[in-house]
Amino acid sequence: MSASPVAFGAPKSPADRKRKPARGSAAPRPRPALAGLALLAAGAGLGATLAVTITSEPASQLSARGGLLTYAGSLTGMIGTYLALIMVLLVSRIPFVERVAGQDGLLRLHRAIAPWPISLLAAHALFLTLGYAETARAGAWHEAGILLTRYPDVLTATLGLALMGLIGIISVRAVRRRLRRETWWLIHLWMYLALAISFAHVIVLGPAFVGHPLTRVVWSVAWAATAGLVLCYRFGLPAARSLRHRLTVAEVRAEGPGVVSVICTGRRLDRLAVSGGQFFCWRFLTRGMWWQAHPYSLSALPQPPYLRLTVKAVGDHSAGLASIRPGTRIAIEGPYGAFTRYAQRRPRALLVAAGIGVTALRSLLEDLPRGSAPVVLLRASQPADLVLSTEVRELVKHRRGTIHELVGSREEAAIDETSLPRLVPDLAQRDVYVCGPEGFVASIVDTARKLGIPDEVIHHEAFAL
Ligand SMILES: Cc1cc2nc3c(=O)[nH]c(=O)nc-3n(C[C@H](O)[C@H](O)[C@H](O)COP(=O)(O)OP(=O)(O)OC[C@H]3O[C@@H](n4cnc5c(N)ncnc54)[C@H](O)[C@@H]3O)c2cc1C
């Protein structure tokens with residue numbers, strides 16, 4: 001454990017000890033109105049896509065032989081492609097959207113929409129093949145052969161659809177569970193290729209584009225802008241931030257059974273805009289690790305020139321951090337997450353964490369103003385699992401708050417509809433922040449809802465994406 005329970009970082013020189021630790025700058029405030037506008041624009045885009053598709057074909061087409069099927073093919077194709085664009089935007093980490101919805105919120109939306117574009121695009125291929133076959137009075141397989149060999153870009157688009165189908169299958173929870181996360185993630189990246197190779201056939205053959213130069217330009221700009229946003233926020237910004245702050249590992253410190261803190265040092269961390277409760281995706285540039293980025297919350301606010309994350313070993317990457325060498329360079333993506341003080345709506349806050357979930361709670365707590373009188377519930381099976389608890393107690397004391405450490409089995413130390421009002425009598429005046437393993441977070445959210453706490457004052461960060 002570090003000398004002072006509140007401060008952290010590499011062992012301090014006498015001169016350091018005298019200096020008041022500087023704090024990094026806070027992340028910009030979330031702007032729900034702006035995110036709301038983005039949602040509105042997405043809805044308007046869907047409406048415009050529908051309108052353009054419906055008006056691009058003459059009504060007489062519907063009564064023509066094969067006309068209805070072909071029309072359905074165009075409609076499913078355009079809507080499916082538009083939703084695929086939205087899917088990409090949801091995971092392109094656009095900061096003002098991410099700050100409001102959080103990465104987990106955007107991923108939940110991404111997963112909820114996912115079956116639609118893939119199913120609609122499969123229907124698009126089927127309807128068009130059947131429609132053209134009916135028009136040509138030919139067999140469906142024969143017509144499929146014609147489409148693949150004689151229509152420009154249809155073969156590549158079909159490969160794109162096959163890739164999307166594969167990614168759809170491996171993303172089904174039952175299948176995904178059987179894959180290593182890295183394997184799933186690497187295959188998932190192929191979605192960008194699938195979309196890129198499918199783009200051409202849309203503007204070359206689509207009835208909404210053939211003979212409609214304006215629609216073609218607008219659609220191409222929309223896709224180019226989306227590609228630009230992905231390059232900018234998934235690659236450009238992380239690279240620029242990593243180069244600016246040049247983080248390296250300064251020290252690895254044991255915190256408890258299977259838990260270590262990694263203290264990093266870097267430049268200009270006073271300019272790193274991050275709020276307590278947020279996380280980064282960390283890429284440790286060393287053998288066996290450089291190709292994977294994993295999310296870990298900050299376990300304290302930045303203390304320039306130091307940053308700290310605290311990690312519990314649950315698999316190869318998290319376990320590997322215990323033996324990472326000082327001097328190892330680190331690339332960061334982020335900060336991400338809406339689990340911050342900005343989300344608070346009520347005068348007071350209740351912070352609940354289980355096990356390693358204490359990391360996000362501890363940095364969020366440090367960001368709460370003095371005198372904010374937070375209530376903190378720390379849940380652990382064993383006393384030794386209450387890592388960072390000395391620091392948490394100190395921070396709670398400085399904020400005139402209350403802390404309950406609930407140690408034991410789920411039955412012995414339950415946080416449920418009976419114990420929660422007893423532990424937190426003024427629950428109705430508090431926002432509820434909960435962090436930790438997925439199952440724990442879900443159970444606390446469920447309990448809070450059953451106790452009448454509205455969703456807008458329940459904030460959660462589950463340590464699984
Ligand atoms: C927002 C957020 C903040 C987190 N903060 C912390 C923290 O402060 N301290 C801490 O110890 N853990 C934290 N985690 C959990 C941590 O990311 C995983 O434990 C770690 O990535 C596991 O990787 P692994 O290779 O060691 O284990 P694996 O065996 O690969 O995976 C173990 C579990 O972790 C999940 N996981 C693996 N890789 C990732 C990934 N890249 N992204 C998301 N989930 C993954 C898997 O779904 C699996 O359920 C956080 C997770 C999230 C989503």
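All values reported here derive from a predicted model rather than from experimental measurement.

The rules behind these values
By convention here, each chain's residues receive numbers from 1 onward along its written sequence. Under the rules for a predicted model, residues below a pLDDT of 70 receive no local features and side-chain atom pairs below 80 are neither given nor counted, while totals for whole chains, interfaces and linings still include all residues. Note that water and hydrogens are dropped before the side-chain values are worked out from all heavy atoms of the structure. Helix and strand labels come from DSSP, where a helix needs a run of H or I of at least four residues and a strand needs a run of E of at least two; each type is numbered from the N terminus. For each residue, the accessible area found with a 1.4 Å probe, counting protein chains only, is set against the maximum for its type, and the residue is called buried under 20%, exposed over 50%, and partly exposed in between. The criterion used for residue contact is that any of the two residues' heavy atoms lie within 4.5 Å. The Shrake-Rupley method, run with a 1.4 Å probe sphere, supplies the accessible areas, and residue values consider only the shown protein chains as cover. Charge assignment: positive for Lys and Arg, negative for Asp and Glu; neither His nor the chain ends contribute. Note on charges: their place is set at NZ of Lys, CZ of Arg, CG of Asp or CD of Glu. An automatic or database domain assignment supplies the residue ranges for each domain. Nearness is judged by heavy atoms alone; a residue qualifies as near a molecule or strand once a single heavy atom is within 4 Å of it. Any N or O atom pair separated by 3.5 Å or less is treated as a polar contact, with the protein-specific requirement of one donor-capable and one acceptor-capable atom, and with residues adjacent in sequence counted only for side-chain atom pairs. A pair of aromatic rings is counted whenever rings of Phe, Tyr or Trp (Trp by its six-membered ring) have centres within 6.5 Å, and the orientation is called stacked for planes under 30 degrees apart, edge-to-face for over 60 and tilted otherwise. Here, a charge over a ring means that NZ of Lys or CZ of Arg falls within 6 Å of the ring centre while also lying within 35 degrees of the ring normal. Pairing between strands is defined by DSSP: at least two bridges between the two strands are required. All axes here are fitted lines through C-alpha atoms, helices being fitted over the stretch that makes contact, and every angle between N-to-C directions spans 0 to 180 degrees. Expected span of a helix: the number of residues minus one, times 1.5 Å. To get the bend at a given residue, fit one axis to the seven residues ending there, fit another to the seven starting there, and take the angle between those axes. Roughly parallel means an angle under 35 degrees; roughly antiparallel, over 145; roughly perpendicular, 65 to 115; everything else is oblique. Whenever a carboxyl oxygen of Asp or Glu lies within 4 Å of a side-chain nitrogen of Lys or Arg, that contact is scored as a salt bridge.

## Things to note about the overall build of the chain
Stage number 1. Check the secondary structure of the chain and you find 17 helices and eleven strands.
Stage number 2. Here the C-alpha coordinates of the chain stretch approximately 85 × 50 × 40 Å along the principal axes.
Stage number 3. Scored against the burial criterion, the 465 residues of the chain give a buried share of 46%.
Stage number 4. Put simply, of all contacts in the chain between residues at least 6 apart along the chain, 75% involve residues at least 24 apart.
Stage number 5. Surface exposure of the chain reaches about 22,400 Å², of which carbon and sulfur atoms provide 64%.
Stage number 6. Separation of charge centres in the chain, based on 52 positive and 30 negative side chains, amounts to 7 Å.

## Quick word on the domain arrangement of the chain
Stage number 1. Under the domain assignment used here, the chain contains domain 1 (32–237), domain 2 (246–336) and domain 3 (343–463).
Stage number 2. Computed from C-alpha atoms alone, the centre-to-centre distance between domain 1 and domain 3 is 42 Å.

## A word on the site of the ligand
Stage number 1. Around the ligand sit 22 residues in total, of which His294, Pro295, Lys312, Asp316 and Ser318 are the nearest.
Stage number 2. For the ligand, an oxygen atom lies 2.5 Å from a polar atom in the side chain of Ser318.
Stage number 3. Here an oxygen atom of the ligand sits 2.9 Å away from a polar atom, N or O, in the side chain of Thr359.
Stage number 4. In isolation the ligand has 860 Å² of accessible area, and contact with the protein removes 83% of it.
Stage number 5. The set of elements that each furnish at least two residues to the shell around the ligand consists of β4 (294–297), β5 (306–312), α13 (316–320) and β11 (458–462).
Stage number 6. Looking at the shell around the ligand, the element that brings in the most residues is β4, giving four residues.

## Here we look at the packing of aromatic side chains
Stage number 1. Following the criterion strictly, the structure yields six aromatic pairs and no others.
Stage number 2. With a centroid separation of 5.4 Å and 85 degrees between ring planes, the pair formed by Phe339 and Tyr433 is classed as edge-to-face. One end of the pair, Phe339, is in the loop between β6 (329–336) and β7 (348–354); the other, Tyr433, is in strand β10 (residues 430–436), with 94 residues separating them in the sequence. Each member of the pair, Phe339 as well as Tyr433, carries the same accessibility label: buried.
Stage number 3. The ring of Trp184 has Arg176 lying over it, and the distance from NZ or CZ to the ring centre is 3.8 Å.
Stage number 4. Cation over ring: Arg341 sits above Tyr342, and NZ or CZ is 4.9 Å from the ring centre.

## Concerning the sheet that holds strand β2 (residues 259–265)
Sheet strands associate in pairs through backbone hydrogen bonding, adopting either a parallel or an antiparallel arrangement.
Stage number 1. Within the open sheet, the six strands sit side by side as β4-β3-β6-β1-β2-β5. Their pairing is antiparallel. Of all the strands in the sheet, the pair left with one neighbour each is β4 and β5. Each strand axis lies, on average, 40 degrees off the axis of its neighbour in the sheet, ignoring direction.

## Some thoughts on the environment of Gly327
Stage number 1. Locating Gly327 in the fold gives a position in the loop between α13 and β6.
Stage number 2. For Gly327, a relative accessible area of 46% gives the class partly exposed.
Stage number 3. In this structure, the C-alpha to C-alpha distance between Gly327 and Cys264, residues 63 residues apart in sequence, is 9.0 Å.
Stage number 4. What Gly327 contacts, discounting residues up to four positions off in sequence, is Thr248 and Val249.

## Considering helix α11 (residues 190–205)
Each full turn of the α-helix corresponds to 3.6 residues, which orients residues three or four apart in the same direction.
Stage number 1. An ideal rise of 1.5 Å per residue puts 22 Å on 16 residues; α11 measures up with 24 Å between its terminal C-alpha atoms.
Stage number 2. At Ser198, α11 is bent by approximately 30 degrees, the largest bend along its length.
Stage number 3. Taken residue by residue, α11 has Met191, Ala194, Leu195, Ser198, His201, Val202 and Ile203 as its buried positions.
Stage number 4. Looking at the packing, one finds that the buried side of α11 touches α4 (67–90), α6 (115–135), α8 (154–170), α10 (181–188) and α12 (213–245).

## Considerations on the packing of helix α5 (residues 95–113) against α6
Stage number 1. As a packed pair, α5 and α6 sit with axes 5 Å apart at the nearest point and diverge in direction by 25 degrees. With respect to their mutual orientation, α5 and α6 come out roughly parallel. For the pair formed by α5 and α6, the contact residues are Arg111, Ala112 and Ile113 on the first element and Pro115, Trp116 and Pro117 on the second.

## Brief notes about the sheet that holds strand β9 (residues 402–407)
Stage number 1. Read from one edge of the open sheet, five strands run β9-β8-β7-β10-β11, paired in parallel fashion. Two strands lie at the open edges of the sheet, namely β9 and β11, each paired on one side alone. Neighbouring strand axes in the sheet, compared pairwise and without regard to direction, differ in orientation by 10 degrees on average.

## Comments concerning helix α2 (residues 32–55)
Stage number 1. For α2, which comprises 24 residues, the first-to-last C-alpha distance of 34 Å matches the rise-based estimate of 34 Å (1.5 Å per residue) to within 8%.
Stage number 2. Turning to α2, its buried residues are Ala35, Gly45, Thr49 and Thr53.
Stage number 3. Buried residues in α2 make contact with α4, α5 and α12.

## So, the pairing of strand β3 (residues 279–284)
Stage number 1. With respect to burial, β3 is a largely interior element, six of its six residues being buried.
Stage number 2. Burial along β3 is two-sided: Phe279, Cys281 and Arg283 and Phe280, Trp282 and Phe284, pointing in opposite directions, are all buried.
Stage number 3. Sheet topology note: the β3/β4 ladder contains four bridges and is antiparallel. When the sheet's bridge partners are listed, Trp282 is paired in β4 with His294.
Stage number 4. Sheet topology note: the β3/β6 ladder contains five bridges and is antiparallel. Bridge assignment links Cys281 to a residue of β6, and that residue is Glu333.

## Brief notes about the pattern of salt bridges
Stage number 1. In total, this model carries 14 salt bridges according to the counting rule given.
Stage number 2. Two residues, Arg180 and Asp316, come together in a salt bridge whose shortest N-O distance is 3.1 Å. Here Arg180 is found in the loop between α9 (173–176) and α10, whereas its partner Asp316 is found in helix α13, with 136 residues between them in sequence.
Stage number 3. Given the relative accessible area of 44%, Arg180 is considered partly exposed.
Stage number 4. We note a salt bridge from Arg449 to Asp455, for which the minimum N-O separation is 2.7 Å.

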